[in-house]
Amino acid sequence: MTRLVLASASPARRTVLRKAGIEPYVHVSGVDEDAIQAALGPRATPQHVVTELARAKAAAVLPALPADIVADAVVVGCDSMLLIDGELQGKPHHADVARARWRSMAGRSGTLLTGHCVLRVRDGAQVAETAADSATVVHFGTPSGDDLEAYLDSGEPMQVAGAFTLDGLGGWFIDRIEGDPSSVIGIGLPLVRRLLGEVGVGIAELWTASPNVI
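Anyway, here's the lowdown on the structure attached to this text.

Scoring rules and cut-offs
Residues numbered from 1 in each chain as written. Predicted model: local features only at pLDDT ≥ 70, side-chain atom pairs only at ≥ 80, totals over all residues. Heavy atoms only, no water. Disulfide = S-S within 2.5 Å. Buried < 20%, exposed > 50% of the residue type's maximum accessible area, 1.4 Å probe, protein only. Helix = DSSP H or I, 4+ residues; strand = E, 2+ residues; numbered from the N terminus. Contact = heavy atoms within 4.5 Å. Core = buried A, V, L, I, M, F, W, Y, C linked by side-chain atoms within 4.5 Å. Salt bridge = Lys/Arg side-chain N within 4 Å of Asp/Glu carboxyl O. Arc of directions from axis to C-beta. Phe/Tyr/Trp six-rings, centres within 6.5 Å; stacked < 30°, edge-to-face > 60°.

Following the criterion strictly, the structure yields 0 disulfides and no others. Looking at the unpaired C78, the closest cysteine sulfur is the one in C117, lying at 9.2 Å. C78 sits in the buried class, given a relative accessible area of 0%.

Among the structural elements, D72 can be located in strand β3 (residues 72-84). By relative accessible area, D72 is classed as buried at 17%. Once residues lying within four places of it in the same chain are set aside, the contact partners of D72 are M1, T2, R3, R120, V121 and R122.

Here we take up the nonpolar core. The biggest cluster of nonpolar side chains holds 18 residues, and the ones touching the most others in it are L4, V74, V118, I187, L196 and L206. Elements represented by at least two residues in this core include exactly β1 (3-6), α1 (11-19), β3 and α8 (189-198). Counting residues per element, this core draws most heavily on α8, which supplies 4 residues. Those residues in contact with V118 that sit more than four places away from it in its chain are V74, V75, V76, A128, E129, T130, L195, L196 and V199. Ranked by size, the runner-up nonpolar core spans 17 residues in total, among them L82, W102, A163 and F164.

Turning to the pattern of salt bridges, a few remarks are in order. Taken as a whole, this structure holds 11 salt bridges when the rule is applied. For the salt bridge of E23 with R18, the shortest nitrogen-to-oxygen distance reads 2.3 Å. Among the charged side chains, a network of salt bridges with common partners joins R14, R18 and E23.

Once that is clear, we can look at the environment of H139. Counting through the fold element by element, H139 comes out in strand β6 (residues 125-140). Placed 13 residues apart in sequence, H139 and Q126 show a C-alpha to C-alpha distance of 39 Å. The residues contacting H139, other than those within four sequence positions of it, are R108, S109, I174, D175, R176 and E178.

Among the residues of α8, L191, V192, L195 and L196 are the ones counted as buried. For α8, the buried positions fall inside an angular range of 135° around the axis, keeping them on one side. Against β3, β5 (109-122), β6 and α9 (203-208) lie the buried residues of α8. Where α8 terminates, the next one or two residues include G200, which has phi positive at roughly 85°.

Counted by the stated rule, this structure contains 5 aromatic pairs. Note on W102 and F140: the rings are 5.6 Å apart at their centroids and 80° apart in plane angle, and the pair reads as edge-to-face. On the criterion of sequence distance, the pair formed by W102 in helix α5 (residues 95-105) and F140 in strand β6 is long-range, its members being 38 residues apart. Both residues of the pair, W102 and F140, belong to the buried class. With 5.1 Å between their ring centres and 85° between their planes, F140 and F164 make a pair best called edge-to-face. Of the two residues, F140 is situated in strand β6 and F164 in the loop between α6 (145-154) and β7 (174-178); the sequence distance between them amounts to 24 residues. Both residues of the pair, F140 and F164, count as buried.

In structure tokens, the structure reads:
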């Protein structure tokens with residue numbers, strides 16, 4: 001049975017997969033995202049940045065996976081960033097940064113880019129690789145001052161790309177999106193399905209490996 005390995009600590013990504021019938025084996029990559037982005041240089045396109053970050057995460061976990069997992073698996077790495085005013089925004093980490101971002105993007109639109117990389121692994125060796133990015137336009141509402149401060153106090157926006165969520169408290173302040181909702185949450189199911197197909201894995205195979213989920 002083919003197992004899906006999620007190279008991410010994101011509970012939102014795991015939830016998306018579980019609701020879609022797949023229980024992933026989670027192994028966090030721990031890569032230095034800032035160092036990778038810096039190495040790509042200022043001429044790297046936003047799409048290239050998120051895709052290469054996803055590729056780095058997937059590659060980083062592969063050597064540390066147990067033998068029973070890498071006997072037959074696909075490793076999925078993802079990275080999300082918000083593109084607004086020509087600049088990529090990752091996790092703000094601090095309330096003052098998140099506050100400034102929300103004051104800048106309230107009532108406006110940005111593009112949530114999510115890079116995806118899929119590695120096909122058999123008998124402990126990588127046999128195929130594919131990667132791509134998804135782009136979804138997010139139209140932000142304008143939270144009141146009190147609502148924004150309460151949202152910041154929740155801690156949620158500090159650990160998510162662009163300082164917002166679609167599936168959590170931040171959903172109150174998203175007016176609409178144009179594109180794939182799952183990619184905004186962190187892992188685009190339509191794109192991952194296509195990438196899995198490119199490495200010869202069907203969704204039904206992954207469902208078979210997660211009988212208790214569906």
